[in-house]
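# Chains, contacts and geometry: an overview
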Amino acid sequence: MASVLENAAGRAGLGGITMAAAYHQGRDIFPHNPARKVHFLDGDSVFFRPDLARSLAQESDVLAELCREASARSLRVRAWTVFLHNYTLGAAHPECACRNAFGDAHLTDLCPSNPDVRAYVSALSADIAGKGVATVVAESLHFHALEHGFHHERYFIELGVFGRFLLGLCFCDHCLEAARRRGVQAEKLRLETCRELERRFAADPEPEAPELARETVGAFAGGELAGYLETRAATVVSLVAQATQVAVADKATFAFIDLSGAVKGYATGRPQRAPAAEISWQFGIDIGAVSAACGQLEAIGYAADPERLRVDLAAYRAAIGPERRLSVIMRPMAPDCDSAENLAAKLAIARQLDVAEVGFYHYGFMRLQSLDLIRSALDTSI
């Protein structure tokens, strides 16, 4: 831990560190780890000792130790928290998982509408904030798409972009009831969704645009899907407000990660077409309302081209307004970055758009030379 913190503060010249306090499964390559180079992450876990009044106990409390060690070096600690993408909990509690229009449980994703899930979110947020972190950073505090749910996903028929979207929608009892309360004919929508998907299961759909347009999607089932999308967004906003409230009670701020930049740029670092903020609605995320609920929107800036990053950050800034905090996560390595000059240009753009914080993803995955690149970029852009 001391080596990591000294590298972050001294070698890279950073002012804080973000630890994965609750994270999903993964198989990762750690190029400079002295003990293991390829590791299966013990995911769907919390990496601190939970409060027994809230959850199950573990034998170690890495997060609390990090807060102590970081404080001695004047480093802030932020806790990256994966809330709802959790196969272990979904498999153990399938009644809490999202369900598609056919009633199949998507065990990788807990449903934001479910009252037990919402209680879990509050407990987790409060527990982490109580460890003394500066900020609870929320990943996966929203609905999810069909893809990137499980290991070795296999889709051998063409459903089309709209078909994949429909199959990823949650129609659990809690989501249906929430929509009915807002005047949506939820059961009609579910049945229409089943019929449309059955058509696509039977034969390839007609060619479609590469990205969904909200207005076109909302017109589905006589316009009922528009109301359903609004219900999803309201559900997420209320859950974010709830998690923020308990974090603030323990003197931590709360930042909401919008994964849209990763959807567009994760694989190649070359996002295409519309800005990331314009696809957030597909996950039940109303950018403006969410940022108002928690105070900080964290964008994922996985883009090699600085001007593309400008496009994405400008769209986020326009959506949340000048008064809300905007932060961004960058990768100071391939495929996004090959030089200090590239990173310095991105940092300059972030400053121009009044970005409050920049995080660099991630210490374990990068070569240690990337720390020098960060330091050089920071010195250049000041």
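Anyway, here's the lowdown on the structure attached to this text. (Residues numbered from 1 in each chain as written. Predicted model: local features only at pLDDT ≥ 70, side-chain atom pairs only at ≥ 80, totals over all residues. Heavy atoms only, no water.)

## A few points about the packing of helix H12 (residues 306-320) against helix H13 (residues 340-352)
As a reminder, the rule being used: Between N-to-C directions, angles span 0 to 180 degrees; the directions come from axes that are lines fitted to C-alpha atoms, helices contributing only their stretch in contact. Put simply, DSSP H or I for four residues or longer makes a helix, DSSP E for two residues or longer makes a strand, and each gets a number counted from the N terminus. With respect to orientation, any angle under 35 degrees is reported as roughly parallel, any angle over 145 as roughly antiparallel, any angle of 65 to 115 as roughly perpendicular, and every other angle as oblique. Each crossing gets its hand from how the near helix is turned against the far one by less than a right angle, where anticlockwise is left-handed and clockwise is right-handed. The contact rule is simple, with two residues in contact once any of their heavy atoms fall within 4.5 Å. Three residue categories are used. Nonpolar comprises Ala, Val, Leu, Ile, Met, Phe, Trp, Tyr, Cys and Pro, charged comprises Asp, Glu, Lys and Arg, and polar comprises the others, including Gly.
Packing of H12 against H13 brings their axes to within 9 Å, and their N-to-C directions diverge by 25°. As the angle between them shows, H12 and H13 are arranged roughly parallel. For H12 against H13, the interelement crossing comes out right-handed. Residues Pro-306, Glu-307, Leu-309, Arg-310 and Leu-313 of H12 lie in contact with H13, whose contacting residues are Asn-342, Ala-345, Lys-346, Ile-349, Ala-350 and Gln-352. A per-class count over the contact of H12 with H13 returns 6 nonpolar, 2 polar and 3 charged.

## Details of empty space enclosed by the protein
Spelled out, the test is: Both site types are read off a 1 Å grid over the protein atoms alone. A 1.4 Å probe that fits but cannot get out defines a cavity, while an open set with protein on both sides within 12 Å along at least five of seven lines defines a pocket; lining residues have an atom within 4 Å of a point. Grid points are joined across faces, edges and corners, and a volume is the space filled by probe spheres set on the points.
This model, assessed by the stated rule, comprises 3 cavities of 30 Å³ or more. Here the largest cavity defines a volume of roughly 50 Å³. If you trace the largest cavity, you find it lined by Cys-98, His-106, Asp-109, Phe-143, His-144, Ala-145, Gly-168, Leu-169 and Cys-170. For the lining of the largest cavity, the per-class residue count stands at 5 nonpolar, 3 polar and 1 charged.

## Considerations on the sheet that holds strand E11 (residues 325-330)
Either a parallel or an antiparallel arrangement is found when strands of a sheet pair, and the pairing is made through backbone hydrogen bonds. What counts is decided by this rule: Between any two strands, pairing holds if DSSP finds at least two bridges.
If you walk across this open sheet you meet the 8 strands as E4-E1-E5-E8-E9-E10-E11-E12, and the pairing is mixed. The open sheet terminates on both sides in strands that have one partner only, identified here as strand E4 (45-46) and strand E12 (355-360). Note: E11 against E12, 5 bridges, orientation parallel. What sits directly across from Ser-327, in E12, is Glu-357. Strands strand E9 (253-257) and strand E10 (296-300) of the sheet are contacted by helix H11 (residues 287-294), whose axis makes an angle of about 130° with E10.

## Details of the pattern of salt bridges
Where we set the bar: Every case where a carboxyl oxygen of Asp or Glu lies within 4 Å of a side-chain nitrogen of Lys or Arg is listed as a salt bridge. Accessible area is worked out with a 1.4 Å probe on protein chains only. A residue is then buried under 20% of its type maximum, exposed over 50%, and partly exposed in between.
For the structure on display, the rule yields 24 salt bridges. Measuring nitrogen to oxygen at the nearest pair gives 2.7 Å for the salt bridge that ties Arg-164 to Glu-147. Separated by 17 residues along the polypeptide, Arg-164 in helix H5 (residues 160-168) and Glu-147 in the loop between strand E8 (135-139) and H5 bring together distant segments of the chain. The class of Glu-147 is partly exposed, set by a relative accessible area of 33%. Across the salt bridge formed by Glu-177 and Arg-181, the nearest N and O atoms sit 3.8 Å from each other.

## Quick look at the pairing of E10
For clarity, the cut-off: Crossover handedness is defined here as right-handed if the route from the first strand over the helix to the second strand goes clockwise, with the strands pointing away from the viewer.
Where burial is concerned, most of E10 is hidden: 5 out of the 5 residues are buried. Since E10 and E11 lie parallel, the crossover through H12 that links them has a hand, and here it is right-handed.

## Observations concerning unusual backbone geometry
Pro-335 follows Ala-334 through a cis peptide bond whose omega is 5°. Inspection of the secondary structure assignment puts Pro-335 in the loop between E11 and H13. Look at the link from Tyr-361 to His-362: it is a cis peptide, with omega at -20°. Secondary-structure assignment places His-362 in the loop between E12 and helix H14 (369-381). Phi at Arg-273 is positive, roughly 60°, even though this residue is not glycine. Position of Arg-273 relative to the elements: it lies in the loop between helix H10 (260-265) and H11. Given a relative accessible area of 52%, Arg-273 falls into the exposed group. Despite not being glycine, Asp-354 shows a phi value in the positive range, around 55°. As for its placement among the helices and strands, Asp-354 is situated in the loop between H13 and E12.

## Overview of the packing of aromatic side chains
Under the convention used in this document: Within 6.5 Å between ring centres, the rings of Phe, Tyr and Trp (the latter by its six-membered ring) count as paired, and their orientation is classed by plane angle as stacked under 30 degrees, edge-to-face over 60, tilted in between.
Enumeration according to the criterion identifies 10 aromatic pairs in this entry. Both rings, one in Phe-83 and one in Phe-254, keep their centres 6.4 Å apart while their planes meet at 40°; by these two values the pair is tilted. Of the two residues, Phe-83 sits in the loop between strand E5 (76-82) and helix H3 (87-92) while Phe-254 sits in strand E9, which places them 171 residues apart along the sequence. Look at Phe-83 and you get buried, because its relative accessible area is 0%. Phe-254 gets classed as buried once you look at its relative accessible area, which sits at 1%.

## Remarks on the environment of Thr-81
Structurally, Thr-81 can be placed in strand E5. The class of Thr-81 is buried, set by a relative accessible area of 0%. Through-space distance from the C-alpha of Thr-81 to that of Ala-138 is 5.1 Å; in sequence the pair is 57 residues apart. Filtering out sequence-adjacent residues up to four positions away, Thr-81 remains in contact with Ala-21, Ala-22, Leu-124, Ile-128, Val-136, Val-137, Ala-138 and Glu-139.

## Digging into the side chain of Asn-7
Following the sequence through the fold, Asn-7 ends up in helix H1 (residues 2-11). Leave out the neighbours within four places in its chain, and Asn-7 touches Ala-12, Tyr-363, Leu-368 and Leu-371.

## Some remarks on the environment of Asp-28
Mapped onto the elements of the fold, Asp-28 is located in strand E2 (residues 26-29). In this view, Asp-28 contacts Lys-37, Val-38, His-39, Leu-41 and Phe-365; residues no more than four positions away in its chain are not counted.

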